[in-house]
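# Descriptive analysis of the structure
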Amino acid sequence: MIFGRSERGKPPVEPVTLKILVAGGFGVGKTTLVGAVSEIRPLRTEELLTEAGRPVDDTSGVEGKHTTTVAMDFGRITLREDLVLYLFGTPGQERFWFMWDELSEGALGAVVLADTRRLEDCFAAVDYFERRSIPFVVGVNCFEGAVRHPADAVRQALDLDEEVPVVLCDARDRESVKEVLIRVVQHAMAHAADRRRTLAN
């Protein structure tokens, strides 16, 4: 189907649209991830880092970063003809966290992007989604030059429940990001099925 038209002889398909959040610490690769996989030109709200923000913006470990997301990143990817994901990248700095409640409204699930060199930066995102019972996957962004840690070691360091998927990925690579997003959808569907079973009993 192209722009609402169906192939000859087939009825039009109305795609299911799902909202996925991409969260994590400052400079972890959220904007890169959304841009790598989006089939449209992603909406970005990046601004230059300023001297005024220096006291509150911890750039240790990401000294080469000169911009920051101040509202959100937005992208779209069609996984199947009948399944479209809308991606919302959250701002990573603490002073913009008030926007997370607005962005998380109606979200199916989330990706918490992690950098093993600064793992503590994703604690807040993990805590946020756990408290709100929003299913999430931890995507470990494998930066060049960073030591690779097994998924189980990352799970233990973040004190994650056994059912939370931990996936090694490259936020620059479209296929790698697609795998992470597929895991989010699968995990969210399993989470919803578990809740239905609990309510039925």
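Report follows, based on the coordinates. Per chain, the residues get numbers from 1 upward, laid out in the order the sequence is written. Totals for whole chains, interfaces and linings use all residues, but because this is a predicted model, local features are given only for residues with pLDDT of at least 70 and pairs of side-chain atoms are given and counted only at 80 or more. Hydrogens and water are ignored here; the side-chain numbers use all heavy atoms of the structure.

We call a pair of cysteine sulfur atoms a disulfide whenever their separation is within 2.5 Å. For the structure on display, the rule yields 0 disulfides. As a non-bridged cysteine, Cys142 has Cys169 as the owner of its nearest cysteine sulfur, 6.4 Å distant.

Here we take up the sheet that holds strand S8 (residues 166-169). When DSSP locates at least two bridges between a pair of strands, those strands are taken to pair. Under the scheme used here, helices are H or I runs from DSSP no shorter than 4 residues and strands are E runs no shorter than 2 residues, and both carry numbers assigned from the N terminus. Reading across from one edge, S4-S5-S1-S6-S7-S8 is the order of the 6 strands in this open sheet, with mixed pairing throughout. Across the chains shown, the open sheet's two edge strands, defined by having one partner strand only, are strand S4 (73-80) and S8. If you compare each strand with its neighbour and ignore which way they point, the axes differ by 25° on average. Direction of pairing for strand S6 (residues 109-114) relative to strand S7 (residues 136-141): parallel, over a ladder of 5 bridges. Bridge pairing in S7 places Leu113 opposite Gly139. The angle between two axes is taken between their N-to-C directions and runs from 0 to 180 degrees, where each axis is a line fitted to C-alpha atoms and a helix contributes only its stretch in contact.

This part covers the side chain of Asp115. For Asp115, the location among the structural elements is in the loop between S6 and helix H3 (123-131). To sort residues, take the accessible area from a 1.4 Å probe on protein chains only and compare it with the maximum for the residue type: under 20% means buried, over 50% means exposed, and anything in between is partly exposed. With relative accessibility at 2%, the residue Asp115 sits in the buried group. Engagement of the side chain of Asp115 in a polar contact is seen with the side chain of Arg117, the distance being 2.9 Å. Two residues qualify as a contact provided that any one of their heavy atoms is within 4.5 Å of a heavy atom in the partner residue. The contacts of Asp115, once residues within four sequence positions are left out, are Val28 and Phe143. N or O atoms within 3.5 Å of each other form a polar contact, as long as, within protein, one can give a hydrogen and the other can take it, and as long as residues adjacent in sequence are counted only when both atoms are side-chain atoms.

What follows covers the nonpolar core. Take the buried residues of types Ala, Val, Leu, Ile, Met, Phe, Trp, Tyr and Cys, join any two whose side-chain atoms come within 4.5 Å, and each joined set is a nonpolar core. The biggest cluster of nonpolar side chains holds 24 residues, and the ones touching the most others in it are Leu21, Val112, Phe129, Phe136, Val138, Leu158 and Leu160. Those elements giving two or more residues to this core turn out to be strand S1 (16-24), helix H2 (100-104), S6, H3, S7 and helix H4 (151-158). When residues in this core are grouped by element, the largest group, 4 residues, is from H3. Residues within four places of Leu160 in sequence aside, it is in contact with Val126, Glu130, Phe136, Val138, Arg155 and Val166.

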